[in-house]
Amino acid sequence: MGMSVSAGGSGRGGRGHRRRGRHHGLMSEINVTPFVDVMLVLLIIFMVAAPLMTVGVPIDLPETAAKALNSETQPITISINEAGQIHIQETEIPIEEVVAKLGAIAKAGYEERIYVRGDKTADYGTVMKVMARIQAAGYNKIGLVTLQEQDQ
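Along each chain, residue indices are assigned from 1 in the same order as the chain's sequence is written. With pLDDT at 70 or above as the cut-off, local features in this predicted model cover only qualifying residues; side-chain atom pairs require 80 or more to be listed or tallied, and sums for whole chains, interfaces and linings still use all residues. Only hydrogens and water are set aside when side-chain values are computed; all heavy atoms of the structure are taken into account.

### Digging into the overall build of the chain
Keep this limit in mind: Numbered from the N terminus, helices here are DSSP runs of H or I no shorter than four residues, and strands are runs of E no shorter than two. The classification of residues rests on relative accessible area computed with a 1.4 Å probe and restricted to protein chains. Under 20% of the type maximum is buried, over 50% is exposed, and intermediate values are partly exposed. Any two residues having at least one pair of non-hydrogen atoms within 4.5 Å are treated as being in contact. Exposure was quantified through the Shrake-Rupley algorithm and a 1.4 Å probe, taking into account, for residues, occlusion by the shown protein chains and nothing else.
Each helix and strand in the chain was counted, giving 3 helices and 7 strands. Helices and strands in the chain line up, N terminus first, as α-β-β-β-β-α-β-α-β-β. Burial status across the chain gives 22% buried among its 152 residues. Considering only contacts in the chain between residues 6 or more positions apart, those separated by 24 or more positions represent 70%. Just so you have it, the chain exposes about 12,100 Å², and 56% of that area is on carbon and sulfur atoms.

### Quick notes on the nonpolar core
Just so we agree on the cut-off: Take the buried residues of types Ala, Val, Leu, Ile, Met, Phe, Trp, Tyr and Cys, join any two whose side-chain atoms come within 4.5 Å, and each joined set is a nonpolar core.
Counting residues in hydrophobic clusters, the biggest one holds 18 residues, and the most contacted among them are Ile 78, Ile 86, Leu 102 and Ile 134. With 4 residues, the top contributor of residues to this core is helix H3 (residues 124-136). Filtering out sequence-adjacent residues up to four positions away, Leu 102 remains in contact with Ile 76, Ile 78, Ile 88, Ile 114, Ile 134 and Tyr 139.

### Concerning the side chain of Glu 112
Within the secondary structure, Glu 112 is located in the loop between helix H2 (98-105) and strand S5 (114-118). Look at Glu 112 and you get buried, because its relative accessible area is 10%. The contacts of Glu 112, once residues within four sequence positions are left out, are Gln 74, Ile 76, Ala 106, Lys 107 and Lys 141.

### Concerning unusual backbone geometry
In this structure, Gln 89 takes a positive phi of about 55° despite not being glycine. Topologically, Gln 89 is positioned in the loop between strand S3 (86-88) and strand S4 (91-93).

### Regarding the pairing of S5
Where a strand is regular, its side chains alternate between the two sheet faces. Which entries qualify depends on this criterion: Pairing between strands is defined by DSSP: at least two bridges between them are needed. A clockwise course of the path from the first strand over the helix to the second, judged with the strands pointing away from the viewer, identifies a crossover as right-handed.
With 5 of 5 residues buried, S5 is to be regarded as a mostly interior element. Neither face of S5 is open: one carries Ile 114, Val 116 and Gly 118, the other Tyr 115 and Arg 117, and all of them are buried. The pairing of strand S2 (residues 76-80) with S5 spans 5 bridges and is parallel. When the bridges of S5 are listed, Ile 80 appears paired with Gly 118. Handedness of the crossover joining S5 and strand S6 (residues 142-144) through H3: right-handed.

### Describing the sheet that holds S5
Spelled out, the test is: Whenever a helix is involved, its axis is fitted only over the stretch in contact; in every case the axis is a line through C-alpha atoms, and angles between N-to-C directions fall within 0 to 180 degrees.
As summarised here, the arrangement of the 5 strands in space is S4-S3-S2-S5-S6, forming an open sheet in which the pairing is mixed. Of all the strands in the sheet, the pair left with one neighbour each is S4 and S6. Sheet twist, expressed as the average angle between the axes of neighbouring strands with direction ignored, equals 30°. Pairing between S2 and S3: 3 bridges, direction antiparallel. Bridge pairing links Ser 79 to His 87 in S3.

Right, dumping it as structure tokens:
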């Protein structure tokens, strides 16, 4: 059983595994794998966070067969919960102040799109009172928000 040890490396003139006359320069290729990994992580984060970014007033919406509307701008949302409390975006207000608050926050004036979200157990009369006040104030782009029916 014998062993030989050489002081020159791999036996090619003492230069290790490098070959003469060949220089290794910088690699000029883009490594896409880390970029794809980051994009997939961001996609997952946004998929999880998107449902959490809805209006903060908990409403049990009724289901209908209506199709979703396409909207370029963020509409003003008025919510009426089961107790009859009225919220513009996430701020609770009395029914008497609905028109005044709309006038203060409507950027497009009377052309502002307004969505009314009424809980399915909310009093129908309260929802209609809110809609009547909005319409009487001159706002014509009013929509009711519902959930799409799920086929079972």
